[in-house]
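# Fold and geometry: a report
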Amino acid sequence: SSSAFDVIVIGAGAAGLMCAAVAAGRGKRVVVLDHNDQPGRKILISGGGKCNFTNRTVTPAQYLSANPHYATSALKRFGPADFLDLMKRHRIAWHEREHGQLFCDNSAADIVAMLLSECGAGGVEVVLEAKLGAVTGEGPFQVATSRGGYCAPALVIATGGLSVPKIGATGFAHTLAGRYGLSVVPPRPGLVPLTFTGADLDLMRDLAGIAVPAELRFGKTRFREALLFTHRGLSGPAVLQISSYWLTGQPIMVNLLPDLDANARLLERKAARPNAQVETVVGELLPARLARALTERAGLLGRPIGQSTNAALAGLARLLSEWPLVPAGSEGYRTAEVTLGGVDTAGLSSKTMAAKSHPGLHFIGEAVDVAGWLGGYNFQWAWSSGWVAGMSV
Ligand code: FAD
């Protein structure tokens with residue numbers, strides 16, 4: 001025999017808890033099932049423990065999806081201001097950082113406590129350490145777990161993406177979607193450090209620990225943020241952002257001096273200070289180790305700039321301002337902050353988050369083919385899609 005509810009939510013993460021709280025607030029009897037022994041683990045580790053819970057400016061332009069319009073309705077109906085209202089009611093203090101990113105003053109744990117308190121007020125039952133078995137039927141759905149069976153006419157899948165399996169991520173949503181005949185956009189890691197091999201890696205290893213502001217471009221997409229050299233390749237916000245757009249085998253263009261014309265600057269210095277070493281001139285613009293490494297790569301190490309040909313200086317200028325780097329790969333789901341792809345939005349209603357072919361079956365959060373930029377956008381999608389499903393179940 002199974003326990004009967006109005007709504008079963010699978011996944012006690014950002015989207016699932018929001019959905020459960022909203023549905024319970026409408027008088028629904030809701031159970032949330034999760035295999036972890038603690039709800040909201042990803043929220044707790046997010047934003048360096050302070051959770052970048054949303055952004056000042058959220059539009060569909062900050063999301064990647066096969067259907068760029070899918071998120072529009074949910075983001076409008078429950079946006080950053082609505083989440084801030086909720087924070088205010090719970091007296092959670094927050095602050096804004098660069099790029100409109102909003103973080104908790106105290107701790108990400110405040111957000112989890114807020115969601116659990118909202119769930120508690122509505123009598124939501126949260127069942128942890130529940131190993132999921134078969135999901136069958138529809139109207140009602142039957143869900144078998146190691147903590148008993150559950151049935152309900154509405155089922156919400158909020159199990160997230162594949163990123164960071166160590167804290168409980170699985171492909172549950174993708175597999176279940178497939179079983180109900182929905183298509184899945186092939187998942188891949190997003191917001192992830194990029195790895196390199198060969199001479200590029202040697203150079204990056206020598207520079208490990210150096211961070212510089214840079215503009216990274218892939219196709220028409222550009223991000224201007226910090227770039228960090230690591231012992232595996234490149235990281236830092238600029239790299240995480242561009243990684244979501246990068247396609248295997250293709251170069252990312254790195255501009256280390258986005259605010260000046262590198263070639264003009266080198267020629268100007270050549271005329272003004274011909275006896276200065278090239279690396280010294282570049283060192284006026286970049287950290288010394290980086291300046292030295294790039295000067296060496298351009299074959300101009302130890303050379304006075306006055307004795308360097310304009311062609312050689314143009315080569316150096318290209319390294320400084322349009323350095324093409326072809327990543328070997330990424331660090332993968334182990335460290336990816338998000339999963340690109342997921343349940344295909346073509347089969348879902350943007351007004352309810354339900355499958356068009358199975359009106360009781362909903363998919364929300366990162367499980368869906370909607371992935372945001374770095375900067376609070378992924379949590380905002382979890383809140384917005386969770387709220388919409390919570391209002392519709
Ligand atoms: P999740 O929050 O991942 O919740 C899914 C839940 O489902 C989990 O509790 C999991 O245990 C459960 N589950 C999964 N599989 C099963 C299964 N088979 N059976 C039972 N339960 C299951 N985004 C931001 O906007 N701002 C940030 O600051 C930020 N920082 C991040 C930092 C890190 C290190 C990482 C990895 C991600 C970060 N993100 C951030 C992304 C953000 O955390 C996710 O996009 C968001 O949590 C997705 O919400 P969700 O509810 O869809 O999934």
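Refer to the structure presented above.
Before going into details, it helps to say that this report is about the structure given with it. (Residues numbered from 1 in each chain as written. Predicted model: local features only at pLDDT ≥ 70, side-chain atom pairs only at ≥ 80, totals over all residues. Heavy atoms only, no water.)

### A closer look at the overall build of the protein
Helix and strand counts for the protein stand at 13 helices and 23 strands. Its C-alpha atoms give the protein principal-axis dimensions of about 85 × 40 × 35 Å. Counting only residues that meet the buried cut, the protein has 53% of its 393 residues in that class. For the protein, long-range pairs separated by at least 24 residues make up 72% of all intrachain contacts whose partners lie at least 6 apart in sequence. Working note: accessible area of the protein is about 16,100 Å², and carbon and sulfur atoms make up 52% of it. (Helix = DSSP H or I, 4+ residues; strand = E, 2+ residues; numbered from the N terminus. Buried < 20%, exposed > 50% of the residue type's maximum accessible area, 1.4 Å probe, protein only. Contact = heavy atoms within 4.5 Å. Areas by Shrake-Rupley, 256 points an atom, 1.4 Å probe, with all protein chains shown as cover.)

### Remarks on the packing of aromatic side chains
Per the stated rule, a full pass over the model turns up 11 aromatic pairs. A centroid spacing of 5.6 Å and a plane angle of 20° characterise the contact between Phe-78 and Trp-387, whose relative ring orientation is stacked. Of this pair, Phe-78 sits in the loop between helix H3 (72-77) and helix H4 (80-89) while Trp-387 sits in helix H13 (residues 377-392), placing them 309 residues apart in sequence. Neither Phe-78 nor Trp-387 differs from the other in exposure class; each is buried. Among the aromatic residues, ring-to-ring pairing joins Tyr-63, Phe-223, Tyr-245, Trp-373 and Tyr-377 into one connected group. A cation sits over an aromatic face here: Arg-97 above Phe-103, 3.6 Å from the ring centre. (Phe/Tyr/Trp six-rings, centres within 6.5 Å; stacked < 30°, edge-to-face > 60°. Lys NZ or Arg CZ within 6 Å of the ring centre and 35° of its normal.)

### A word on helix H11 (residues 288-297)
Where H11 is concerned, the buried positions are Leu-290, Ala-291, Ala-293, Leu-294 and Thr-295. At its buried positions, H11 is contacted by helix H7 (198-206), strand S15 (211-218), strand S16 (221-229), helix H10 (278-283), helix H12 (310-321) and strand S19 (323-325).

### Concerning the site of the ligand
In the neighbourhood of the ligand, 30 residues make up the surrounding shell, with Ala-15, Asp-34, Thr-170, Glu-366 and Phe-379 lying closest. Within the backbone of Ala-15, an N or O atom sits 2.8 Å from an oxygen atom of the ligand. Between the ligand and Thr-170 there is a distance of 2.7 Å, counted from a nitrogen atom to a side-chain nitrogen or oxygen. Look at the ligand: alone it shows 1,000 Å² of surface, and the protein chains cover 92% of it. Among the elements that line the shell around the ligand, the one with the most residues is H13, at 4 residues. Partitioned by chemical class, the residues of the shell around the ligand number 12 nonpolar, 14 polar and 4 charged. (Near = heavy atom within 4 Å. Polar contact = N/O pair within 3.5 Å; in protein donor to acceptor, adjacent residues only side chain to side chain. Nonpolar A, V, L, I, M, F, W, Y, C, P; charged D, E, K, R; others polar.)

### Observations regarding the nonpolar core
A general tendency of soluble globular proteins is for nonpolar side chains to be buried together. If you look at the biggest cluster of nonpolar residues, it comprises 81 residues, and the most contacted ones within it are Phe-53, Phe-83, Ile-111, Phe-363 and Trp-383. Top contributing element to this core by residue count: helix H1 (residues 14-25), with 10 residues. Contacts of Phe-83, omitting those with residues within four sequence positions, involve Met-18, Phe-53, Phe-78, Ile-111, Met-114, Gln-380 and Trp-383. (Core = buried A, V, L, I, M, F, W, Y, C linked by side-chain atoms within 4.5 Å.)

### Some words on empty space enclosed by the protein
In this structure the tally under the stated criterion is 1 cavity of 30 Å³ or more. In this structure, the largest cavity occupies an estimated 30 Å³ of space. Contributing to the lining of the largest cavity are Pro-60, Tyr-63, Leu-64, Ser-65, Asn-67, Pro-68, Tyr-70, Ala-71 and Val-370. By residue class, the composition of the lining of the largest cavity is 7 nonpolar, 2 polar and no charged. (1 Å grid on protein atoms, 1.4 Å probe; cavity = no way out; pocket = protein on both sides within 12 Å on 5 of 7 lines; lining within 4 Å. Points joined across faces, edges and corners; volume = space filled by probe spheres on them.)

### Considering the packing of H1 against H13
Their axes nearest at 7 Å, the elements H1 and H13 cross at an angle of 30°. Judged by the angle between their axes, H1 and H13 are roughly parallel. In the crossing of H1 with H13, the sense of the turn from one axis to the other is right-handed. From H1, Ala-14, Ala-15, Met-18, Cys-19, Val-22 and Ala-23 reach across to H13, where they touch Phe-379, Ala-382, Trp-383, Gly-386, Trp-387, Ala-389, Gly-390 and Met-391. Among the residues making up the contact of H1 with H13, the classes are represented as 12 nonpolar, 2 polar and no charged. (Axes fitted to C-alpha atoms, helices over the stretch in contact; angles between N-to-C directions. Parallel < 35°, antiparallel > 145°, perpendicular 65-115°, else oblique. Left-handed = near helix turned anticlockwise from the far one by under 90°.)

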